[in-house]
Amino acid sequence: MSPKISTEEDSFSSVSNREICYAEARPIPGMADLGESREVRVFESTDELAIDLAEYISLLSEDSVKERGCFTVALSGGSLISMMGKLCEAPYNKTVDWTKWYVFWADERAVAKNHVDSNFKLTRDAFLSRVSILNSHVFSINHNATVEDAAGEYEFAIRQLVKVRTVGVSERNDCPKFDLILLDMGPDGHVASLFPNHPALKLKEEWVTYIADSPIPPPERITFTLPVINSASNIVIVATGEEKATAVGLAISHENENSNAFSLPARMVRPTDGKLVWFLDSSAASLGDVSNGGSGEAM
Ligand SMILES: O=C(O)[C@H](O)[C@@H](O)[C@H](O)[C@H](O)COP(=O)(O)O
């Protein structure tokens, strides 16, 4: 399947088969002009999305291993993880250099590692147990400490890896520069554990923080801050399902440039030097607002 370059006549709500909109190739009315830093890919089914996502991740992994000798990737929870399942199948199970992967979490819930709410468990069961990533390259968050201590330990571990450049560093702000951060957006527009209007969205110095008042259970969580997310070389946001269409429309449309960004964390994901790619299914992209300038009523 070769990607289709979007034209102005194209509409996210009328996708057939697969449609990929390259913001840099030709501006789409209503999309914020972020130059080459952003791309929106829309798929008719989650299966097609998962196939392309696996290919995209494998290419990023190959490039990073070639350039830096390793691939640092931070994951989050949600259906994103099951969509990464294609990476455990042929050809990727044999072609990806798994021993060069270093795995982190963009957010984690403060629960035991075998708890059903644990992002680590979700990832281990659906992904890590099926590929040959080295255990010593998996940086999970300590669930035996308080969230405050666990956040501190996790940031410390990342700082050690930045020191030896296993994790790259942003020249702009000394933040870690992960090769890829994979995010799954919630219907309220939250990404990682950064929720609408939460003070954690304003943190500038911290790399990792904790919250004790998540509006979605469990309440205690650890999360990357926006400076870290936005310093990544590559960011992927996956959103599927109709219940996310409004948030997707608001996050992508430039009509809302002056709106209160804190009410929609996904809108605050703006890579400083890297690239952001949205992977959407046609339901999540179903509001014409995404491509027609945000004029729909749902806004
Ligand atoms: O507790 C959370 O923070 C959520 O579960 C979150 O991690 C999840 O990614 C989104 O809500 C989307 O979830 P789906 O991909 O399952 O729709």
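Residues numbered from 1 in each chain as written. Predicted model: local features only at pLDDT ≥ 70, side-chain atom pairs only at ≥ 80, totals over all residues. Heavy atoms only, no water.

Next up on the list: the site of the ligand. Around the ligand, the structure places Gly77, Gly78, Ser79, Arg109, Asp184, Met185, Gly186, His190, Ile216, Arg221 and Lys244. For the ligand, whose accessible area on its own is 410 Å², the fraction buried by protein is 78%. (Near = heavy atom within 4 Å. Areas by Shrake-Rupley, 256 points an atom, 1.4 Å probe, with all protein chains shown as cover.)

As a further point, take the sheet that holds strand β5 (residues 107-109). Pairing within the open sheet is antiparallel, and its three strands lie in the order β5-β10-β9. Lying at the two open borders of the sheet, with one neighbouring strand each, are β5 and β9 (208-211). Each strand of the sheet is rotated relative to its neighbour by a mean of 15°, with strand direction disregarded. Pairing between β9 and strand β10 (residues 221-224): four bridges, direction antiparallel. (Pairing = 2+ DSSP bridges. Helix = DSSP H or I, 4+ residues; strand = E, 2+ residues; numbered from the N terminus. Axes fitted to C-alpha atoms, helices over the stretch in contact; angles between N-to-C directions.)

Our focus in this paragraph is the pattern of salt bridges. The tally for this structure, following the rule as stated, stands at twelve salt bridges. Lysine 244 is the partner of aspartate 184 in a salt bridge, and the nearest nitrogen-oxygen pair spans 3.7 Å. In this pair, aspartate 184 is assigned in strand β8 (residues 180-184) and lysine 244 in the loop between β11 (234-239) and α7 (245-252), connecting sequence segments 60 residues apart. Because the salt bridges share partners, they merge into one network encompassing Glu39, Arg41, Asp52 and Lys275. (Salt bridge = Lys/Arg side-chain N within 4 Å of Asp/Glu carboxyl O.)

The next point concerns the nonpolar core. In terms of nonpolar packing, the biggest core is built from 89 residues, with Leu53, Trp101, Phe224 and Trp278 touching the most fellow members. In terms of residue count, helix α1 (residues 46-68) provides more of this core than any other element does, eight residues in total. When residues no more than four places from it in sequence are discounted, the contact partners of phenylalanine 224 are Ala74, Trp105, Ala106, Tyr154, Ile158, Phe178, Ile181, Leu194, Trp207, Val208 and Ile229. (Core = buried A, V, L, I, M, F, W, Y, C linked by side-chain atoms within 4.5 Å. Buried < 20%, exposed > 50% of the residue type's maximum accessible area, 1.4 Å probe, protein only. Contact = heavy atoms within 4.5 Å.)

All right, on to the state of the cysteines then. Scanning the entire structure with this criterion turns up zero disulfides. Free of any disulfide, cysteine 175 has its nearest cysteine sulfur in cysteine 70, 18 Å distant. Given the relative accessible area of 3%, cysteine 175 is considered buried. (Disulfide = S-S within 2.5 Å.)

Now for the confidence of the model for the chain. Put simply, the chain has an average pLDDT of 86, and 82% of its residues get 70 or more. A low-confidence stretch, residues 1-34 stays under pLDDT 50, and its non-local contacts, those more than four residues away or across chains, total 84 contacts. Model confidence for the complex is summarised by a pTM of 0.87, with the ipTM given as 0.94. (pLDDT = per-residue confidence, 0-100.)

Moving on, we get to the environment of alanine 50. Tracing the backbone through its elements, the reader meets alanine 50 in helix α1. With relative accessibility at 5%, the residue alanine 50 sits in the buried group. With residues near it in sequence (within four places) discarded, alanine 50 still touches Met83 and Lys86.

Our next topic: the side chain of serine 193. Structurally, the position occupied by serine 193 is in the loop between β8 and β9. Residue serine 193 is classed as buried on the basis of its relative accessible area, which comes to 1%. Setting aside its immediate chain neighbours within four residues, serine 193 contacts Asp107, Ile211, Arg221 and Thr223.

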